[in-house]
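Close look at the chain arrangement
Chain by chain, the residues run as shown.
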Amino acid sequence: AAINDKLGAGSREGSIGEGFGASRSILPYLDQVDAFDSRTVDKNTDYPSSGGKPVPDGYSEVFVNIANALKTMEVDCGDVGVYTDVDANGDMCALANGGTVPVTPTQSAPSAPASKPTASSPTPKPVQAPTRPAPEAEGGQVDYTFTTAGKEAGLIANDVKEMASSSVTNAKTIYNNGKSSTTSLESLSTNASSRYGQGRLYNIFRFAFSDEPVFVDGGTGSLADSSYGNTVISKALEIAEDTDLAAVASVALNTWMESVHQLEQAVLSCTDSSIDGALAMDTAAGYYIGAGQIKGSSNGNLMYAMAEEAADRFGEGSGEASSNTIIMSHFRDAKDLVDSCSGGSPPIQLRRAVDKIIGQMNVPLIRHLVYYMNAATAKDKSELENFIELYALSTVPQVAGCNPGAFAYLRDELIDYEWDSNDLSDILAKLRDNLSCFGITCSDIGILQDSVATQQLCGGGATTSTLAGYQPSTDVSQIASIDRDILQINIMLQMGALEQARAIYVGGQNSIIERNDAYTTLQDLATDDDRIVPGNTQFDIYSSYYSNPYYADSVIMDALDKKGDFGGLSNDHIAQFVVGALREMVTYMYGIRELYTAIEECESDSADHGTASWDRAAAVLIGSIDGAKQSSDYPSGGKLMYSLGNEVCDNFDKCSDSNVGASSSKLVEYLTGGKLFLSDKECEGASDLVDVGITSSLQISLIQGSITATDQLSTKGSSDGIAGAAHALMYAVAPLVDASNPRSATTIENNMKLNGGAADVDLVIDAFSDAIAGMSADCTEVGVFQAAARGVCPPDAVATDTPLTLANGLYTTSTYVQDRALLALDLRDMEKALNDGNSEVAKGIYEGGLNSDIYDKNGKKVGTRSLMSFSTSAPLVMSQEPTYILFKYALDGLDQGLFLGGPTGEYADSIVQKAFESQGNSLLPVEAARALNLWMYAVHELYQTVDNCRRKLLKDDDGVHSIDEVAAYYIGDSQQTGSAEEGHSLYAYAEEIGEKFGQDKGGQTTANVKIISLLNDAKTEISYPGACTTSNDSYKRLRTIAHKIISQMTVPHIQQLIYNLAVNDRERVQLYAQAFVPLTAACNPGNFEFLRDKLMVEQYNVVDVDNIIRVIESTYQCLGLTCDDIGTYNDYGSDCVGTPELNPLAGYIPQTDVRKIAALDLDIQAIQIFMKERAYDAVRDYYTLGRHASMTTRIGDEVFSLKDLATTSTRQIVPSFEYFKNYFGAEVDEIENAADYADHMISMALDTDKLPLASTEQRTEIVVKTSQYMVVFMAALEAMYEAIDDCRSNDSQRKADAANEWDKAAAYLIGSIEGTESGGTDHGLMMYSLANKRCEQFNRCQSDGTAELNGLLIDLLYAGRGETMGSNCDALQKTTREIEELLLVPLIQGTLRYAIANEKLLFFDKSKDLAEGYVFSHSVLPYVAEVDGDAAGVIKRNMDFQFDSEPVRDGARKVFQAFASAIPKMGVDCEVVGTVNGLGGVCDRSSSSPSR
């Protein structure tokens, strides 16, 4: 923290990561001690947001908060010690004892005995107390100038003083009649209803007390809540007989509210000329300050003096209390503003000043409440409980206006039940979390410094910004507080204060726009013209339905003004209608608008990718009231869409154990997942989540709410409030229903509208049932309305939530997949028809389907699935899926884009159709449909599940359902465990052939055992709540499982191929070759071509069978299989041993196992195929996540990717890496991307918007060549320099690791495809292969046709191997440098080769050679630029990938000359580069090329 505090904004130093990692290890402990300490440390040690400053609050915050926690953590502060390298106090013991806060003597309170904390009492938390100004001279006046008679209001202070010092009888007289003041203290309360009737805070207090026993049962009548202050003070005098308590109550309740009233009047004076604003402001000040008050003195009698007394207890020292200083400043400002306003809306500055005054007026009340609770805890005194209750009565009601759940808790603890000091910690936490209800923060309160202090209200941290489990990236606390406006509008309407409700709707109250100190208003949201954004079709639906773009505002204003249909309605009806309309129409649509705005910003490359707008959407859909977590002990009373789902879920059996509605929970999951998409700039994924998930969740809540409200309406004696709520829901849901089914919308309107007659819930449910198919909501997720025992799913719908047992208990689904399992019966019936000689019937079943019905999301049958459709739909639904792409690629080249006369993409159907023509093998069509159509579709379902998880589209049972679908297709209906005869699908297929290979020893074949186990693993992975929607890791783990399943599903194909080769069944050999060989296209290209030619193109010779099977066995590792997975048939497979652990790499024998490192070239091979097929999503998948290459770590084998290598910070160990950062720092737009130069180039080529004129071939070359010769090149250098570093380590284990690092470098440079023999093969993909390709052109080949350079490379690799074994580290470093210089040669040769080739090309040429020259030049330019900037400029100008100039504009000769100039400075031997026949080489600076 201390180190990182010195770093600037945007820093990416490694120490930030160290601080992050170290802090994570203690945060759980801190959180147990004090959540605020934990949050502060978390905030200041977390990775800063983009461009943000590390440790934003300063290191001292981290020091103080850790020090605070040490004692409770049972850590000796002395053991931690003193951090000396800081300017401030770094002594943990001093800090733990409050070293940063001066402790000053305080006055004792009336009736409050002082007592020292016990030894076990926590030390007060050293939050910095507000700094007090220097004390005024004795007798100085408060800084406020009265200009009207309002000063006379302060005389009431004398009455308060006399009350406190009088007998109970005299105190009553003074209270009732007044003495010094012409206005009595009693009248302030008893006349309140007539004077404060439209007051916001007054009505919140009334609302809070409306059902409070102290007022209703023992008060002064049914309207006791209107004179609540009088009730409290009367009880203090009559029951407690405590005049001091009564005097304090008169101030805290009566004069406090009178000041508030006068402030509100001052604001109203700007629009109401009958009010004297200056007089109102002076009167408010008079009631706050009091007559004779000395500045900074607690020897007074009204709120000012109370604030001074509280400040003393909170360690502010001498001088005026900070709250008083702030209040007086705002009083002065407000008075100036009042004097200048007239005839219009009050200035925003005036409203804000008044709000800030009222907020600060709460500070002394809260401070005294904290003090008395601590005093009563330190030493049990029953008389203190009266003061606790008094200060609770003067403050807690305000919480009712911003958090009903918190209010209910605090009321129970502090007002309704006896004080229990054991609850103090929880009470303080609840108060702390709701300080914003009072318009203040912890910094306003500070730390209780009195000796009674046992627990503090505030620590050093800030309250959490989480919204019901959603974590915003930006501060949305203000816009989230818009729900408080709705809550307070509800309160105002219920209390009859319609004018105040209207004022809050139009002018706002709780949601502040910080940048201009203004208010966000609900009317702003309802009339926002920006609701028309791309994608927001719902706004069009609503505005069209109501023929009014301001549909919500119009009806809400009519309700507030009681116009039209709303005339004569009760306040309760109006209240519930307005609240419902604000939630279900205004904030609903504004939230949708912000979501689509976020997507638009993401697509336009905004700086934050739209995350700020997305956070705002979450804020207006969830709100502040529902708190930081998704559950609470008290009903939250939330007022936004999140709360609607919670309110109605129980009626549909859709609540969690913590009473959170399923639709609300999913809303949070989708919002969380969508923001992850935006952060990764996956705009389409976020858009899908809005269209499919968020909209569905919101509509589910609307449907549930509408049905619930209709049922309540139909109940005899239902309240006006229910009618109002139903009326609002009808307005909200009718347009959505109408867009699907206008008749249903009419039915819903007739049963829910105002004065619509008797409501019939069955008719409404029927209406939703008829419309649900055209809405976003899923009928099963709406659930069953318990009161009617029915849901909105169509009556003929299948029960799609019915689980299924497959293979007599082998696999039990969690969801309905019987329809998928029944497809196996199509295979059964096809077989039966073929056995009966009726091929046309079999073909009809294959093409049209028979047993497997298709249902929509609501369980209604919409068709029949067929095996044929799995193939004919493949080009549309599988075009980006790796396995399908391999088949398409492998078969594409056999007949110029066709296969067996049909489209290559529909290869499976073509094979099955041809099989129907077979004369010898009558069941061949069944086998083909199973092995090709069904097999590939099951694989497709796996990929679809992974992709949907990645895109956050799976939630709860969705992911489980997807895996259940795979299981249903794989196992099928009528299957018996371990049976080849009792079953028809892929499981039976594996059993049948597996038995022949001895793989059924445990009752099932090994492949089936593994597949069922993996399916359950996949199911478990995504069954956790929010697994896909809130985590970026679930889909990665799911992807790994899917790959393992696909590998095991391949086993029967291989077994069938080997078996039919052995028995020489040529038709089946061809069939199973077609099912298997394409999978090897991403393995060794030579082996793939051999198998394709032997088994699919030509007729194999029986004598070749042994060799063919050996080649098949050589593909096992690439396919994720072993010899044991396949087993043996007769003697076939008995000599299969797999790849040796120390497998040679083109003649180099490593001393460690690097087989899985060398397999990285298989990823490049696959990427090359995917690029040619334009499957860019598949490319991104393999490039980003990897597939074949893995490293052994302490937790097992971990797959790594080319992107991992291209972006890892560990490349810093390579000295020349700085060349690349320097060079690309000037070339890449964003300097922060310079280190990820290769990743930038690959990403650019995959983005069709970035290179719109590039051909597919050019994109392919950029992606593949950059991976080969920039990513892998630097990875090899990194491994070699890591080997040097390990060699020099004093750690014996690291020394031993040096050999593995060296072998990793060899694996990167050579790869697995080169094979084991010296010289390699013709199919390699790494640097070794490049040297072989260039040697002939540059006359640098050995007699066997391989590169001289490769002979040198292998020699140097062996030299390095020996140097790691002998710990000869200096020699190892020299060898590394020599290899690096050697590796530059083929890169230079490549650049020169394409300089020659490209100088003949014209503008806008689509030749791949342009892209190749671009990559080769960029792979070596950083080295050139480091030693010769002019030469680098020439090379770049001529070799850049561009369409606005002629390629190689200066001619190839200039490129040769540039290299000739630079090479001697680069340490490269120009002779090793070689010469081009007729053109010379780079040793001769006069190198030339033929004229154009």
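This one's a predicted model, so the numbers in the text were calculated from it and none came from an experiment.

**A word on the environment of Gly809**
With respect to the element layout, Gly809 can be found in the loop between strand E5 (805-806) and strand E6 (811-812). In the structure, Gly809 is positioned 415 residues away from Ser394 in sequence and 65 Å away in space, judged by C-alpha atoms.

**Some thoughts on the state of the cysteines**
What the rule picks out here adds up to 12 disulfides. There is a disulfide in this structure between Cys1083 and Cys1118, and the S-S distance comes to 1.9 Å. On the S-S bond that ties Cys1083 to Cys1118, the torsion sits near -85°, and the link is left-handed. Of this pair, Cys1083 sits in the loop between helix H49 (1066-1076) and helix H50 (1085-1097) while Cys1118 sits in the loop between helix H51 (1105-1114) and helix H52 (1123-1126), and the two are 35 residues apart along the sequence.

**Some words on the packing of aromatic side chains**
As enumerated under the stated definition, the model contains 50 aromatic pairs in all. For the pair Phe63 and Tyr83, a centre-to-centre distance of 5.7 Å together with 85° between the ring planes defines the contact as edge-to-face. Of this pair, Phe63 sits in helix H3 (residues 59-70) while Tyr83 sits in the loop between helix H4 (77-80) and helix H5 (92-96), placing them 20 residues apart in sequence. According to the relative accessible area criterion, Phe63 is buried, its value standing at 10%. Given a relative accessible area of 33%, Tyr83 falls into the partly exposed group. Here Tyr1414 and Phe1441 contribute two aromatic rings whose centre-to-centre distance is 5.9 Å and whose plane-to-plane angle is 45°, an arrangement assigned as tilted.

**Quick notes on the pattern of salt bridges**
For the structure on display, the rule yields 60 salt bridges. The salt bridge involving Arg1039 is made with Asp1181; its shortest N-O contact spans 2.9 Å. With Arg1039 in helix H48 (residues 1034-1063) and Asp1181 in helix H55 (residues 1176-1185), the pair connects residues that are 142 residues apart, well separated along the chain. For Arg1039, a relative accessible area of 6% corresponds to the buried category. For Lys1304, the salt bridge goes to Glu1301, with nearest N and O atoms at 3.4 Å. With Lys1304 and Glu1301 both in helix H60 (residues 1292-1310), this residue pair falls three residues apart, about one helical turn. Like Glu1301, Lys1304 is buried. A cluster of three or more residues bridged by salt bridges with shared partners is formed by Glu682, Asp688, Asp947, Arg950 and Arg951.

Calculation rules
- Residues numbered from 1 in each chain as written.
- Predicted model: local features only at pLDDT ≥ 70, side-chain atom pairs only at ≥ 80, totals over all residues.
- Heavy atoms only, no water.
- Helix = DSSP H or I, 4+ residues; strand = E, 2+ residues; numbered from the N terminus.
- Disulfide = S-S within 2.5 Å.
- Phe/Tyr/Trp six-rings, centres within 6.5 Å; stacked < 30°, edge-to-face > 60°.
- Buried < 20%, exposed > 50% of the residue type's maximum accessible area, 1.4 Å probe, protein only.
- Salt bridge = Lys/Arg side-chain N within 4 Å of Asp/Glu carboxyl O.

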